[in-house]
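# Results of the structural survey
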Amino acid sequence: MAFQYQRLAEQLSQKIYQHELQPQQKLSSLREFARQQNISLSTAQQCYELLEAKGLIYVKAKSGYFVSSRQYQSPIPDSPHFESKARQVSNLDLQNQIQTASIQSHLTPLGAIQLSPHLIPVDGLRRSLQRALKHCQPEDFLYCNKQGHQLLRQALSDHWREDGIYVATEDIFISNGCMPAIALLIQQMSREGDSIIIPTPTFNGQLQMLASLKRKIIEIPADHLGIDLERLEFFMQQGSAKLCLLTANYQNPLGYCLNNQQKQKIAELAQQYQCFVIEDDIYAECSFEKERPLPIRYWDQQGYVLWCGSVSKSLSTAYRVGWFCIGQRLEYLRPKLMANNVGVNTPLQLGLADFIYSRGYREHLDQLRPKLMQQVEQYRACILETFQGIPIALSQSQGGYALWMQLPETITGLDLYYLAQGKGINIVPGEVFGEDRRYQHFIRLNAGHALTDEIRHAIQQLADWIRQSLKMPLS
């Protein structure tokens, strides 16, 4: 449980990271801050001292406290223009190779987007699993309902209700993670050769999955502000795609979060053109803000948005429990979904339900968000300092822990990927996040692990190699 001064420091940190408080801006005096927050002067002082220790603010004699300048700044990565058309995913072999490499535990973990074990509430999960096994019923040791255990579906429904999201338990299906849920929906709602609208650059695992399912893709542009909604509407109106697959909250790799107007617009377009949207909302609970952003489904009135998620990114990639939610419009698919959904380990379901009802999950999220914000900012500062003088661009998101980095024009992400592999470092080259090699000068980095000396050294090695390639002096 965080002390009051720590919670206040987290709130101010968030405002600094999100530029609500600008460099060199003067803060309220200690007395004024204490009065504003209705706290003691000593609590106010502890808050400011913590921010000062983090390097976020500084004190000027006889003048007060000020926001520190952020020494290293970076432009936002470019978003290449391209024409949209139905096509096959062309680089499946490379996708498979990079996916296999991304989970090699002996490599420095800058590749796969996953949380470090030090951010996972292992003890709390262990206690919940023990309680779940202690109190389970005899029928819990038989085959589980393929829609998922009633207790977990009710726990998730109650959990989401606290965030203003209302989903009936009968509309929730438990799955073995988010990707299996998406794959099942695509298989039941389209055929081989059908086209799926997908914004790019996008999570390479989605492209790998669509290629494996023999679906075509229609790419539409995305950038740090979101999705090209005009082009999305054009292809929805054309009726050339059966489905749309997208992420609205902290998309991987760009990190954008659509605003409520954009989300509402997508829900309205789906209804207007009767084009189903599969919403991958796996990062929504990794916000840097206290409130969870709403999904597109919140504005869905007619059942055209299918909401998918998992605890893989907010809790642990090893905890293979996800879900998808349908509405009355797809009730006719329920028998097929039930028949083809792979049953999920019952003790894991019951353990997660206990973790939610014991408030362990909510407390974990409350603690995770400020830690993630600080950790991602530490990565950005380290990268920008290490790459100082090299013409790069680096993403700045409001949630999640993927970093999208644009390299100099003469450097390809694939070359850097192979070099990194040889040095025991894992990264993901931008080439697998879209077609036509349009992202060949990009890489994606994972900021989910603590910024250790090993990771700092790995980042330094990447920067040194680029400097050598550009014939620049080493730092």
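Given the structure is predicted, the values throughout are model-derived calculations rather than measurements.

### With respect to the overall build of the chain
Summing up its helical and strand segments, the chain has 15 helices and 17 strands in all. In terms of C-alpha radius of gyration, the chain reaches 23 Å, essentially the compact-globule figure of 23 Å for 475 residues. Overall size of the chain, expressed as C-alpha extent along the three principal axes, is 70 × 55 × 45 Å. For the chain, the proportion of contacts with a sequence separation of at least 24, taken over those separated by at least 6, is 76%. For the chain, the distance from the average position of its 46 positive side-chain charges to the average position of its 45 negative side-chain charges is 2 Å.

### Quick look at the pairing of strand β1 (residues 57–60)
Pairing analysis gives four bridges linking β1 to strand β2 (residues 64–67), with the strands arranged antiparallel. From the neighbouring strand, Ile57 faces β2, where its bridge partner is Val67. The hairpin formed by β1 and β2 contains three residues between the paired strands, and Lys62 there has a positive phi angle of roughly 65 degrees.

### Some details on helix α15 (residues 453–469)
Given a rise of 1.5 Å per residue, 17 residues ought to cover 24 Å, and the 24 Å separating the end C-alpha atoms of α15 matches this to within 8%. All of the buried residues along α15 are Ile455, Ala458, Ile459, Leu462, Ala463, Ile466 and Arg467. One or two steps after α15, the chain reaches Lys471, where phi turns positive at roughly 60 degrees.

### Regarding the nonpolar core
Core analysis: the largest hydrophobic core is formed by 155 residues, its most contacted members being Phe387 and Ile427. Of the residues forming this core, the biggest block, 10 residues, is contributed by helix α13 (residues 360–386). In this structure Phe387 touches Ile392, Met405, Ile459, Leu462, Ala463, Ile466 and Arg467, once residues within four positions along its chain are discounted.

### Describing the domain arrangement of the chain
Structurally, the chain comprises domain 1 (4–67), domain 2 (86–106 + 119–361) and domain 3 (369–470). Domain 1 puts seven residues into the contact, and the matching count from domain 3 is seven residues. Across the interface of domain 1 and domain 3, roughly 620 Å² is buried in total on both sides, 60% from carbon and sulfur atoms. Contact with domain 3 buries area across many residues of domain 1, yet Glu10, Tyr17 and Gln18 alone supply 75% of it, more than any other trio.

### With respect to empty space enclosed by the protein
Following the criterion strictly, the structure yields five cavities of 30 Å³ or more and no others. Every residue along the wall of the largest cavity is listed here: Ile76, Pro77, Ser79, Asp223, His224, Leu254, Ser395, Gln396 and Trp404. Split into classes, the residues belonging to the lining of the largest cavity amount to four nonpolar, four polar and one charged. Structurally, the lining of the largest cavity is a two-domain feature, drawing no fewer than three residues from each of domain 2 (86–106 + 119–361) and domain 3 (369–470).

What counts and what doesn't
- Residues numbered from 1 in each chain as written.
- Predicted model: local features only at pLDDT ≥ 70, side-chain atom pairs only at ≥ 80, totals over all residues.
- Heavy atoms only, no water.
- Helix = DSSP H or I, 4+ residues; strand = E, 2+ residues; numbered from the N terminus.
- Rg over C-alpha atoms; globule rule 2.2 N^0.38 Å.
- Contact = heavy atoms within 4.5 Å.
- Lys, Arg positive; Asp, Glu negative; His and termini not counted.
- Charge placed at Lys NZ, Arg CZ, Asp CG, Glu CD.
- Pairing = 2+ DSSP bridges.
- Expected span 1.5 Å × (residues − 1).
- Buried < 20%, exposed > 50% of the residue type's maximum accessible area, 1.4 Å probe, protein only.
- Core = buried A, V, L, I, M, F, W, Y, C linked by side-chain atoms within 4.5 Å.
- Domains from an automatic or database assignment.
- Buried area = accessible area lost by both parts, 1.4 Å probe.
- 1 Å grid on protein atoms, 1.4 Å probe; cavity = no way out; pocket = protein on both sides within 12 Å on 5 of 7 lines; lining within 4 Å.
- Points joined across faces, edges and corners; volume = space filled by probe spheres on them.
- Nonpolar A, V, L, I, M, F, W, Y, C, P; charged D, E, K, R; others polar.

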